[in-house]
Amino acid sequence: MHWLEQKYINLMSSRLRNYKRKSNNLFNFSCPICGDSSADKRKARAYIYEKKGSTMFHCHNCGTTNNFTNFLKTIDVQLFNEFSLERLKDRGQDDKKTELQEFIDKMKPPLFIKSGPLKGLKKISQLPADHPCKKYVESRSIPNVFHSKTFYCPKFFTWVNSFMPGKFSESSTEYDEPRLIIPFLKDEKMHAFQGRALSKEAKTRYITIVYDESVPKIYGLDAVDLSKKTYVFEGPIDSMFIPNSIATAGGDLVTAARDLPKKNLVVVYDNEPRSAETKKKLDKAIINGYNVCIWPSNLVHKDVNDMITAGLSSDFIRYIIDTNTHNDLKAKLALNMWSKQ
């Protein structure tokens, strides 16, 4: 399903009784054409779904079937006109590079191959297709451009101790494990790195280590343009899907990004409305004057990577973020509504 269709389904969702997003490409609601049922307003027998690459509408009560474009035109002519215009603009960009592609093209190739801590490690792009680390990266749908900017380490604790002696105890090295290495670069130098465990049984999934204390522990400083809108995520992998993004490797995003110009920053925490800790962090960001993303209540996915693996496009996810970014009093009100889910 095209991200633009998902956008307009979301825009008209408030007009659809009993609207519910069943999955990424399946939406259920009471049919606005036949009314679905005058006896039971809870009936919801209409669906928007994807079939053989096309987005369709069908009502199991009145039997109406239509493609999404005609259904939208029937329901809301004004929205249909906006959709048509935006679709023409989108098609006009087909022969041009997308913003994501332009962002990727600007990225510098990873260094420290011939010297430095990453010497001797293989890039993910160099691994065979059946390699466990390669399979893991592909299972997370990480964009191919980052396959040459992330590395496989067969013995993580031993590797770290080779250039940071004593970082891990001898007992740790006895139970060493392979990890995915995500380097944090600035000015072509690595200042931190994150090791992601490949095994589900690992006690600690992520281990983030600062290599140069003089540089903020932020991923993406090598490619970000802070003069433009910049998205700040909790984890590096989430930031790989949205152009001009950085990540702080968890923790308090406000504290980590305190030395960056806040005007263009959008703080994006995970979608955890029931987490008191996340609510507390968002509240701190709002008090400190940051723009924050408060995820919509009908979004079930925990983070950007979950959204990507569920089938949402990076363009649509960025649209969701942009249309749910608030500050000051509006942010406070949105946070209160979000945390009551």
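Residues numbered from 1 in each chain as written. Predicted model: local features only at pLDDT ≥ 70, side-chain atom pairs only at ≥ 80, totals over all residues. Heavy atoms only, no water.

S.K.: How should I be thinking about the packing of helix H1 (residues 3–12) against helix H2 (residues 68–75) in this particular structure?
M.R.: When two helices pack together, their arrangement is given by the angle between the helix axes and the distance between those axes. Contact geometry for H1 and H2: axes closest at 12 Å, N-to-C directions at 25°. The pairing of H1 with H2 is recorded here as roughly parallel in orientation. Between H1 and H2 lies a crossing of left-handed hand. Where H1 abuts H2, its residues Glu5, Tyr8, Ile9 and Met12 lie against Phe68, Phe71 and Leu72. When the residues that make up the contact of H1 with H2 are grouped by side-chain class, the tally is six nonpolar, no polar and one charged. (Axes fitted to C-alpha atoms, helices over the stretch in contact; angles between N-to-C directions. Helix = DSSP H or I, 4+ residues; strand = E, 2+ residues; numbered from the N terminus. Parallel < 35°, antiparallel > 145°, perpendicular 65-115°, else oblique. Left-handed = near helix turned anticlockwise from the far one by under 90°. Contact = heavy atoms within 4.5 Å. Nonpolar A, V, L, I, M, F, W, Y, C, P; charged D, E, K, R; others polar.)

S.K.: Sorry if this is basic, but what is going on with the layout of surface pockets here?
M.R.: Gaps between atoms show up when a probe of the same size as a water molecule is rolled over them. Taken as a whole, the largest pocket spans an internal volume of roughly 440 Å³. In terms of lining residues, the largest pocket is bounded by 19 residues, among which Arg205, Tyr206, Asp270, Lys302 and Asp303 are the most central. Of all the secondary-structure elements, those providing two or more residues to the lining of the largest pocket are strand S9 (189–197), strand S10 (206–210), helix H8 (236–239) and helix H11 (304–309). Of the residues belonging to the lining of the largest pocket, the class tally is four nonpolar, six polar and nine charged. (1 Å grid on protein atoms, 1.4 Å probe; cavity = no way out; pocket = protein on both sides within 12 Å on 5 of 7 lines; lining within 4 Å. Points joined across faces, edges and corners; volume = space filled by probe spheres on them.)

S.K.: Would you explain unusual backbone geometry in this entry?
M.R.: Glycine aside, the phi torsion of most residues is negative, and most peptide linkages are trans. Phi is positive for lysine 52, which is not a glycine, with a value near 50°. The residue lysine 52 is located in the loop between strand S3 (46–51) and strand S4 (54–59) in this model. Note on lysine 52: relative accessible area 83%, which makes it exposed. Unlike most non-glycine residues, aspartate 328 shows phi in positive territory, near 55°. Along the chain, aspartate 328 falls in helix H13 (residues 328–338). Given the relative accessible area of 49%, aspartate 328 is considered partly exposed. (Buried < 20%, exposed > 50% of the residue type's maximum accessible area, 1.4 Å probe, protein only.)

S.K.: I would appreciate a short explanation of H1 in the present structure.
M.R.: Along an α-helix, residues three or four positions apart point the same way, because every turn accommodates 3.6 residues. Taking burial as the measure, the ten residues of H1 include eight buried ones, the bulk of the element. Taken together, the buried positions of H1 are Trp3, Leu4, Glu5, Gln6, Lys7, Tyr8, Ile9 and Met12.

S.K.: Help me out: how do you make sense of the pairing of strand S13 (residues 265–268) in this one?
M.R.: Both faces of the sheet carry side chains from a regular strand, because those side chains alternate between them. Alternating positions in S13 separate into two faces, Leu265 and Val267 on one and Val266 and Val268 on the other, with burial throughout. For strand S11 (residues 230–233) and S13, the ladder comprises four bridges, and the chain directions are parallel. In the sheet register, phenylalanine 233 faces S13, and the bridge partner there is valine 268. Relative to strand S14 (residues 291–293), S13 is paired through two bridges, and the arrangement is parallel. Bridge pairing in S14 places valine 267 opposite valine 292. Handedness of the S13-helix H10 (residues 276–287)-S14 crossover: right-handed. (Pairing = 2+ DSSP bridges. Right-handed = clockwise from strand over helix to strand, strands pointing away.)

S.K.: Sorry, what's going on with the pattern of salt bridges here?
M.R.: Working definition: two side chains of opposite charge can pair if their charged atoms are close together. Under the defined criterion, the tally for this structure stands at ten salt bridges. With its nearest N and O atoms 4.0 Å apart, the salt bridge here joins aspartate 303 to lysine 302. Its relative accessible area of 13% is what places aspartate 303 among the buried residues. Within the structure, one salt-bridge network assembled from shared partners comprises Asp270, Glu272, Lys302 and Asp303. (Salt bridge = Lys/Arg side-chain N within 4 Å of Asp/Glu carboxyl O.)

In short, geometric facts, not functional conclusions.
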